Amino acid sequence: MREDMVRVLDQRDILVKENEKLQQQLEEERQKVSALEKKLQQEQLLSKSGA
């Protein structure tokens with residue numbers, strides 16, 4: 001029984017670390033999208049102004 005608990009806790013630790021890594025990757029991707037949206041918006045403004 002005790003070994004099962006240790007295994008479950010080890011698995012939980014692995015999943016928590018993986019989740020944190022995925023959350024970080026998601027945040028990085030959101031920042032990339034935000035930067036691309038700003039760039040696109042600026043290009044649209046430039047094209048509308050006839051530049």
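The rules we used
Residues numbered from 1 in each chain as written. Predicted model: local features only at pLDDT ≥ 70, side-chain atom pairs only at ≥ 80, totals over all residues. Heavy atoms only, no water. Helix = DSSP H or I, 4+ residues; strand = E, 2+ residues; numbered from the N terminus. Rg over C-alpha atoms; globule rule 2.2 N^0.38 Å. Buried < 20%, exposed > 50% of the residue type's maximum accessible area, 1.4 Å probe, protein only. Areas by Shrake-Rupley, 256 points an atom, 1.4 Å probe, with all protein chains shown as cover. Lys, Arg positive; Asp, Glu negative; His and termini not counted. Charge placed at Lys NZ, Arg CZ, Asp CG, Glu CD. Salt bridge = Lys/Arg side-chain N within 4 Å of Asp/Glu carboxyl O.

(A) Looking closely at the overall build of the protein chain. When helices and strands are counted, the protein chain shows one helix and zero strands. For 51 residues, the compact-globule estimate of 2.2 N^0.38 gives 10 Å, and the protein chain exceeds it by more than 25% at 22 Å. With respect to the principal axes defined by its C-alpha atoms, the protein chain has extents near 75 × 10 × 5 Å. Within the protein chain, the proportion of its 51 residues that are buried is 0%. Accessible area for the protein chain stands at about 5300 Å²; split by element, carbon and sulfur atoms hold 54% of it. Distance between charge centroids for the protein chain: 4 Å, based on 10 positive and 11 negative side chains.

(B) Structural view of the pattern of salt bridges. The tally for this structure, following the rule as stated, stands at three salt bridges. A salt bridge links Asp13 to Arg12, with the nearest nitrogen and oxygen atoms 3.8 Å apart. The residue Glu29 makes a salt bridge to Lys32 at a minimum N-O spacing of 3.2 Å. Linking Glu29 with Lys32, this pair stays in helix α1 (residues 2–48), spanning three residues, or about one helical turn.

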